[in-house]
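# Fold and contact review
Spelled out, the chains give:
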Amino acid sequence: MNRIAFIGGGNMATALIAGMVRHGAPPGGIAVAEPRAEALQELSRQYGVATYTDNAAAAEGASLLVLAVKPQMMAEVCRGLRAVVQQYRPMVVSIAAGIRIAQLERWLDAALPVVRCMPNTPAMFGAGATGLYANGRVSAPQRAEAQHVLDAAGLTVWVPEEDQLDIVTALSGSGPAYFFLLVEALENAAFAQGLSRETARALAEQTALGAGRMLVEGNESAATLRQKVTSPHGTTQAALDSFKADHFPAIVARAVDAARRRGAELSEQMESNS
Ligand SMILES: NC(=O)C1=CN([C@@H]2O[C@H](COP(=O)(O)OP(=O)(O)OC[C@H]3O[C@@H](n4cnc5c(N)ncnc54)[C@H](OP(=O)(O)O)[C@@H]3O)[C@@H](O)[C@H]2O)C=CC1
Ligand SMILES: O=C(O)[C@@H]1CCC=N1
């Protein structure tokens, strides 16, 4: 059985493990290394995975090594894994924002098959969206294996150039937070206008769910669905005109660009710190 080791057992690793186990992956084939004992206990209790406080011990014998630590930790973590990856030569899958494949190979001091990917936290419910990019050392079966792991998280899309992962990060990696911000803002606006907090929250959340399902389960575009809600000179039109006057598309475009640029910065910062 192929063994998968996660280095870092935080938010995103937990979301991916939850998705994999829900999808039928045998928990005994999944190892997680993480410094926090409580996090490890919780991962073991909830998903039955094997847990380690030592990264190299978790990685021993793994055919697939998922690097799921913060970008700022990546150089140090990779250096600590050099001996084990040079011995077992696993396929490496990095989920870190910004960090380039060339950096990973340099820090691991090994030319390895590497898949860089950008998942998102709805992976927890199998409703994630992941962009992937493989280097030239990834064989067709390895590519299929990486895709299989991430398929458990939801939609997977391969991109042809590594740099495009910074755009994927800015769109779908960070994207859930943008929708949460909108829901928070809607809830706050309705509360300020007189609804109870509970009612405002329930309606805002259900509206997000309903809109998401119409987008994904129906076959109409966002623009068409928006037009169908918008009666001429009605209430939606009034709100959309207000958004337009406040340059909503430009606000979103600037935010996505800030996230994309931050990905590139993270990689450059690691270069100067390492
Ligand atoms: N959260 C998200 O929505 C997404 C995150 N990502 C990427 O996933 C990666 C992890 O992010 P996220 O899960 O949010 O972050 P978390 O901080 O939740 O997870 C990182 C985990 O790594 C642990 N860790 C710290 N140092 C080490 C070490 N030396 N060895 C092993 N584990 C260590 C941390 O423990 P401790 O807390 O004790 O420091 C923490 O539990 C990042 O690179 C991020 O860019 C990608 C897509 C989406
Ligand atoms: O905020 C971050 O840097 C990570 C990457 C995408 C989502 N969370």
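Quick notes on the rules
Residues numbered from 1 in each chain as written. Chains lettered and ligands numbered in written order. Predicted model: local features only at pLDDT ≥ 70, side-chain atom pairs only at ≥ 80, totals over all residues. Heavy atoms only, no water. Pairing = 2+ DSSP bridges. Helix = DSSP H or I, 4+ residues; strand = E, 2+ residues; numbered from the N terminus. Axes fitted to C-alpha atoms, helices over the stretch in contact; angles between N-to-C directions. Contact = heavy atoms within 4.5 Å. Left-handed = near helix turned anticlockwise from the far one by under 90°. Near = heavy atom within 4 Å. Polar contact = N/O pair within 3.5 Å; in protein donor to acceptor, adjacent residues only side chain to side chain. Areas by Shrake-Rupley, 256 points an atom, 1.4 Å probe, with all protein chains shown as cover. Nonpolar A, V, L, I, M, F, W, Y, C, P; charged D, E, K, R; others polar. Patch = residues over 30% accessible without salt bridge, like charges linked within 9 Å, V, L, I, M, F, W, Y side chains within 5 Å. Salt bridge = Lys/Arg side-chain N within 4 Å of Asp/Glu carboxyl O. Disulfide = S-S within 2.5 Å.

Ordered by their spatial adjacency, eight strands build an open sheet running S3-S2-S1-S4-S5-S6-S7-S8, and the pairing between neighbours is mixed. Each edge of the open sheet carries a strand with a single partner, namely strand S3 (50-52) and strand S8 (154-158). Within the sheet, the average angular offset between the axes of one strand and its neighbour, ignoring direction, is 20°. Sheet analysis places strand S7 (residues 128-134) next to S8, joined by five bridges and oriented parallel. If you follow Gly 131 over to S8, its bridge partner there is Val 157. Along the sheet face, helix H1 (residues 11-22) touches strand S1 (4-7) and strand S2 (30-33) and points at about 160° away from the line of S1. The sheet contacts of helix H4 (residues 74-88) involve S1, strand S4 (64-67) and strand S5 (91-94), and relative to S4 the element is tilted by about 165°.

For the rest of this paragraph, the subject is the packing of helix H8 (residues 175-192) against helix H9 (residues 197-217). Running from amino to carboxyl end, H8 crosses H9 at an angle of 145°, the nearest separation of the two axes being 8 Å. The two elements H8 and H9 meet at a crossing, and its hand is right-handed. Judged by residue contacts, Val 183, Leu 186, Glu 187, Asn 188, Ala 190 and Phe 191 of H8 engage Arg 197, Ala 200, Arg 201, Ala 204, Glu 205 and Ala 208 from H9.

What surrounds ligand 1 is a group of 20 residues, the closest being Asn 11, Met 12, Glu 34, Val 69 and Ala 97. Here an oxygen atom of ligand 1 and a side-chain polar atom of Arg 36 are 3.0 Å apart. In this structure, Lys 70 approaches ligand 1 through a side-chain N or O atom, which is 3.2 Å from an oxygen atom. A total of 880 Å² of accessible area belongs to ligand 1 in isolation, and the protein chains cover 77% of it. Taken together, the residues that form the shell around ligand 1 break down as twelve nonpolar, five polar and three charged.

Looking now at a nonpolar patch on the surface. Where nonpolar side chains cluster on the molecular surface, the patch consists of Leu 182, Leu 186, Phe 243, Phe 248 and Val 252 and spans about 400 Å² of accessible area. With respect to the secondary-structure elements, Phe 248 resides in helix H12 (residues 248-273).

One pass over the full model with this rule turns up zero disulfides. Cys 117 takes part in no disulfide bond, and the closest cysteine sulfur to it belongs to Cys 78, at a distance of 14 Å.

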